[in-house]
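One-letter residues, chain by chain:
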Amino acid sequence: MDIHSKLNLPNYRQQSAEVTAALDQLKKQPVALEIANLTKEFPSDAGPRRVLNDVSFKVYQREFLSIIGPSGCGKSTLIRLLACLEESTDGLILLNKYPVRETGADRGMVFQKYTLFPWLTVKKNVMFGLEVSGRGKFDAEIEARQWLDIVGLEEYADLYPAQLSGGMQQRVAIARALANKPQVLLMDEPFGALDAQTRAKMQAYLLQIWEKIDITIIFITHDLDEAVYLSDRILVLKANPGEVQELVEVPVPRSRTPEQFLSPEFLATKFHLEELIHPGHIRSADDFKVVKMVGEKDK
Amino acid sequence: MENNSKWIRFGRLLPQKRRRGLTTASFLLPLLLWAAISYIPGIWHPEVRIADPGDSIYFAQGDIVEKGTFKLENENLRAEGARFMTGRRVNPVYFPAPHQVARALYAAFAAPPRRDGDPWFYESVLHSVRVVFWGFFLSSVLGVPLGILCGVFDFFAKLIEPFVEFFRYFPAPVFGALAVAILGINDAPKVAIIFIGTFFQQVLVMANTTRQVDFNLVEAAQTLGARPMTLLFKVVIPASLPKLYLDMRILLGWAWTYLIVAEVVGTTTGISWFINQQAKYRAFDNVYAAILVLGFIGLGTDMILAAVGRSLFAWERGERGFFSTLTKSRKPNTPES
Ligand SMILES: Nc1ncnc2c1ncn2[C@@H]1O[C@H](COP(=O)(O)OP(=O)(O)OP(=O)(O)O)[C@@H](O)[C@H]1O
Ligand SMILES: [Mg+2]
């Protein structure tokens, strides 16, 4: 008997009517970002090395899309292409139907590395993009304070980044990106460097913010729980060269809560993703760590 | 438990008290060594100052002779049955004792020049400071922007740096004669020597420091909508400023070392003139006094600049500097995690 049926999980494609309706609603939204036949080669000693091959997908407005895939499959490269921090070898990136060619405030980004400007206070960091776009100091400051309020760091406005913990720095980085009112927020493993507890808190924060404001999020992670917990859909890449393997619709209804980590549809999705990324990796229930958590909870 | 009793600890800062003590010792030890050699006769004192020449026809009172010579002459005198010489063991004149140098230091400032029309000591010092200042200032006005441009734009790096790299191997002093021929014998060629000595290094050092800027910060700014000029002035320069500032302090030190070469180009001026003059009079205590003044000016300026830097770049340590406390209200928050 295969492990999937042993675990007694439903098919991840089974959606409740509620989830189907929500996803249909999403797909009726205008396309925020369209990626068409995107290809990226890096030069190497042995000639050009193709890191991304013919990647195409669409992201709808207000969608939360995660990208997962084995390490080195080109997730960061893809998101850097979207931000125009790299130039594509071939293919198109359309933002609201217009091709993007340069970095711009319409695509904000939060990096895994802490990238706050250490010489600016928290508040000035958040004001950076606003001032670059020509907003007056006074307005910018008011707005920056509002954003800091949203990420819960208003009282730290006048501290320097070096005085904040990693999680707080990432919250400021999110506020800084959002203050610019980008159409799409690109996040490359933003919580990758955080400890599990802080990470869980940050995920909750991010969902709250996303629900509050009108923004499309593309979120890279290698944490499957995180991907399922946060996303509407999950783009799974495979490696060498990076290609779209599957675009998975998450059957977990919104709004999400941490209890859902243990729901059958959550586990089924996670199981499927695990099988896609590491085929044959799960051989026993022990390999599937959340199931153990279910057992522990039952005790 | 931390072991605080050890003095030698790999890669760890010692307690503040000990660090201060060591800093003091770093000046005190050489001073003590100097004092010991000067005041304890057994250590060195290779010469004898004659107090009473006795019947010697070669030496007079106050002469300083090598101790072997002194002994030989006394043996000769004794053999002749004549009155022999007495004297006190001393160090050579080129090795004055601390108190002599201290006295000279005071006298140098207080005493008028030996010849009418010669500059006072402080005037010589100021003259030197002026030459260094202009040389360093002119070099920085050109070298800093050029270096930063090279660090940011490959275009300038490839166009400028190879030649600068080549040129910096010419020792600045070789341009002395040329500088005089072109710029005359006054201060201009001196400033030029310091300029040449500093400028080429400065371009390369600034370029390298600028290149080391954390590029993630630049990319973050780009995704916030910043264009090249904003990136340069709002990201690259502030991000590299603490290191650029440190580079400038080191370069200023180099400018000072070129001073002594620069001052003997054309007409000798400034502290070099004073030192040469005093060496001619064999007033070595004055020579040391002048050298010490150079040291004090150098160390003093650097300490002030370091303190200013610590305050300007307090953000590196997550602190507020003096300058930002002047302009902003302080919020006494301690971050939670
Ligand atoms: N600037 C570059 N020059 C050459 N090769 C690169 C460059 N950037 C990335 N690569 C290569 O492209 C491939 C994909 O890298 P990328 O960083 O996009 O992977 P990733 O999916 O983000 O991996 P991870 O999960 O470890 O973050 C890697 O093999 C990497 O070596
Ligand atoms: Mg990556």
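As the structure is a computational prediction, the values presented were derived from the model and not from experiment.

Draft legend 1. Broad picture of the overall build of chain A. Broken down by element type, chain A carries 10 helices and 10 strands. The C-alpha atoms of chain A give 20 Å as radius of gyration, which agrees with the globular expectation for 299 residues (19 Å, within 12%). Counting only C-alpha atoms and orienting by the principal axes, one finds that chain A spans roughly 65 × 55 × 40 Å. Buried positions account for 53% of the 299 residues belonging to chain A. Of note, chain A has its 36 positive side-chain charges centred 1 Å away from the centre of its 41 negative side-chain charges.

Draft legend 2. Examining the interface of chain A and chain B more closely. Facing the 35 residues of chain A at the interface are 30 residues of chain B. Across the chain A/chain B interface, buried area totals approximately 2900 Å², and carbon plus sulfur atoms make up 60% of it. Ranking the residues of chain A by area buried against chain B places A:Trp119, A:Phe128 and A:Tyr160 at the top, with a combined share of 22%. Summed over the shared surface of chain A and chain B, the result is 2 salt bridges. A salt bridge links B:Arg227 to A:Glu102; its shortest N-O distance comes to 3.7 Å. Viewed at the interface, chain B and chain A are joined by 3 residue pairs in polar contact (both at pLDDT 80 or more). Counting only elements with at least two residues in the side of chain A that touches chain B, the list comes to α3 (75-83), β6 (107-110), α4 (122-132) and α6 (166-179) of chain A. Of all the elements, α4(A) adds the most residues to the side of chain A that touches chain B, at 4 residues. Tallied by class, the residues present in the side of chain A that touches chain B amount to 18 nonpolar, 9 polar and 8 charged.

Draft legend 3. Just the site of ligand 1, in detail. All names here are of chain A. Near ligand 1 you find Phe42, Arg49, Val51, Ser71, Gly72, Cys73, Gly74, Lys75, Ser76, Thr77 and Glu189, and these make up its full shell. Here glycine 74 contributes a backbone N or O atom positioned 3.0 Å from an oxygen atom of ligand 1. Taking lysine 75, its side chain carries an N or O atom lying 2.7 Å from an oxygen atom of ligand 1. If you list the elements that add at least two residues to the shell around ligand 1, you get β2 (49-60) and α3. By residue class, the composition of the shell around ligand 1 is 3 nonpolar, 5 polar and 3 charged.

Draft legend 4. Representation of the layout of surface pockets. Computed from the structure, the largest pocket encloses a volume of approximately 820 Å³. A:Cys84, A:Leu85, A:Glu87, A:Thr103 and B:Gln222 are, among the 31 residues lining the largest pocket, the residues nearest its centre.

Draft legend 5. Geometry of the pattern of salt bridges. All names here are of chain A. Applying the stated criterion across every chain, the model contains 25 salt bridges over all chains. Note that lysine 270 and aspartate 225 form a salt bridge whose closest N and O atoms lie 3.3 Å from each other. Placement of the pair is lysine 270 in helix α9 (residues 264-277) and aspartate 225 in helix α8 (residues 224-230), with a sequence separation of 45 residues. The pair lysine 270 / aspartate 225 is uniform in exposure class, with both members buried. When salt bridges with common partners are traced through the structure, they connect Lys123, Glu141, Arg145, Glu154 and Asp158 into a single cluster.

Draft legend 6. Inspection of the nonpolar core at higher detail. Grouped together as the largest cluster of nonpolar side chains are 61 residues, with contacts concentrated most on A:Ile174, A:Leu206, A:Ile217 and A:Ile234. Of all the elements, α6(A) adds the most residues to this core, at 8 residues. Other than its neighbours up to four places away in sequence, A:Ile174 contacts A:Val110, A:Met187, A:Phe191, A:Met202, A:Leu206 and A:Ile209. Core analysis: the second largest hydrophobic core is formed by 48 residues, B:Phe200, B:Leu251, B:Ala262 and B:Val265 among them.

Draft legend 7. Geometry of the environment of A:Pro251. Residue and element names in this part refer to chain A. Inspection of the secondary structure puts proline 251 in the loop between β10 (243-249) and α9. Exposure remark for proline 251: the relative accessible area of 3% places this residue in the buried category. With 231 residues separating them in the primary sequence, proline 251 and threonine 20 have C-alpha atoms 8.0 Å apart. For proline 251, the residues in contact, after removing those within four places along its chain, are Tyr12, Gln14, Gln15, Val19, Glu265 and Thr269.

Draft legend 8. Structural view of the packing of aromatic side chains. As enumerated under the stated definition, the model contains 27 aromatic pairs over all chains in all. On the basis of an interplanar angle of 80 degrees and a centroid distance of 5.7 Å, the ring pair of A:Phe64 and A:Trp210 is categorised as edge-to-face. Residue A:Phe64 is found in strand β3 (residues 64-68), and its partner A:Trp210 is found in helix α7 (residues 196-212); the two are separated by 146 residues along the sequence. Note on A:Trp210: relative accessible area 6%, which makes it buried. The ring of B:Trp7 carries the charged tip of B:Arg18 above its face, separated from the ring centre by 4.2 Å. Sitting over the ring of B:Tyr281, B:Arg114 keeps its end group 4.0 Å from the ring centre.

Draft legend 9. Layout of the sheet that holds strand β4 (residues 90-95) of chain A. All names here are of chain A. Within the open sheet, the 4 strands sit side by side as β2-β1-β4-β5. Their pairing is antiparallel. Whereas interior strands pair on both sides, the edge strands pair on one side only; in this sheet they are β2 and β5 (98-99). With 8 bridges joining them, strand β1 (residues 31-42) and β2 adopt antiparallel strand pairing. Bridge pairing in β2 links isoleucine 35 to phenylalanine 57. Across the sheet, α3 lies against β1, β2 and β4, angled at about 120 degrees from β1, the strand it touches most.

Draft legend 10. Representation of the environment of B:Leu105. All names here are of chain B. Here leucine 105 is to be found in helix α3 (residues 98-110). Under the relative-accessibility criterion, leucine 105 is labelled buried at 19%. Once the C-alpha coordinates of leucine 105 and alanine 290 are considered, the two residues, 185 residues apart in sequence, prove to be 7.4 Å apart. Setting aside anything within four residues of it in sequence, one finds leucine 105 in contact with Ala289, Val293 and Phe296.

Draft legend 11. Structural view of the sheet that holds strand β1 (residues 47-52) of chain B. Residues and elements named next belong to chain B. Taken together, 3 strands build an open sheet; the order of strands is β2-β1-β3 and the sheet is antiparallel. Both edges of this open sheet fall to β2 (64-66) and β3 (86-90), since each of them pairs with a single strand only. On average, adjacent strands in this sheet sit at an angle of 40 degrees to one another, irrespective of strand direction. Here β1 runs beside β3; their pairing, made up of 5 bridges, is antiparallel. Bridge pairing in β3 links glutamate 47 to valine 90. Packing against the sheet, helix α2 (residues 67-79) makes contact with β1, β2 and β3, and its axis sits at approximately 90 degrees to β2.

Criteria and cut-off values
Residues numbered from 1 in each chain as written. Chains lettered and ligands numbered in written order. Predicted model: local features only at pLDDT ≥ 70, side-chain atom pairs only at ≥ 80, totals over all residues. Heavy atoms only, no water. Helix = DSSP H or I, 4+ residues; strand = E, 2+ residues; numbered from the N terminus. Rg over C-alpha atoms; globule rule 2.2 N^0.38 Å. Buried < 20%, exposed > 50% of the residue type's maximum accessible area, 1.4 Å probe, protein only. Lys, Arg positive; Asp, Glu negative; His and termini not counted. Charge placed at Lys NZ, Arg CZ, Asp CG, Glu CD. Contact = heavy atoms within 4.5 Å. Buried area = accessible area lost by both parts, 1.4 Å probe. Salt bridge = Lys/Arg side-chain N within 4 Å of Asp/Glu carboxyl O. Polar contact = N/O pair within 3.5 Å; in protein donor to acceptor, adjacent residues only side chain to side chain. Nonpolar A, V, L, I, M, F, W, Y, C, P; charged D, E, K, R; others polar. Near = heavy atom within 4 Å. 1 Å grid on protein atoms, 1.4 Å probe; cavity = no way out; pocket = protein on both sides within 12 Å on 5 of 7 lines; lining within 4 Å. Points joined across faces, edges and corners; volume = space filled by probe spheres on them. Core = buried A, V, L, I, M, F, W, Y, C linked by side-chain atoms within 4.5 Å. Phe/Tyr/Trp six-rings, centres within 6.5 Å; stacked < 30°, edge-to-face > 60°. Lys NZ or Arg CZ within 6 Å of the ring centre and 35° of its normal. Pairing = 2+ DSSP bridges. Axes fitted to C-alpha atoms, helices over the stretch in contact; angles between N-to-C directions.

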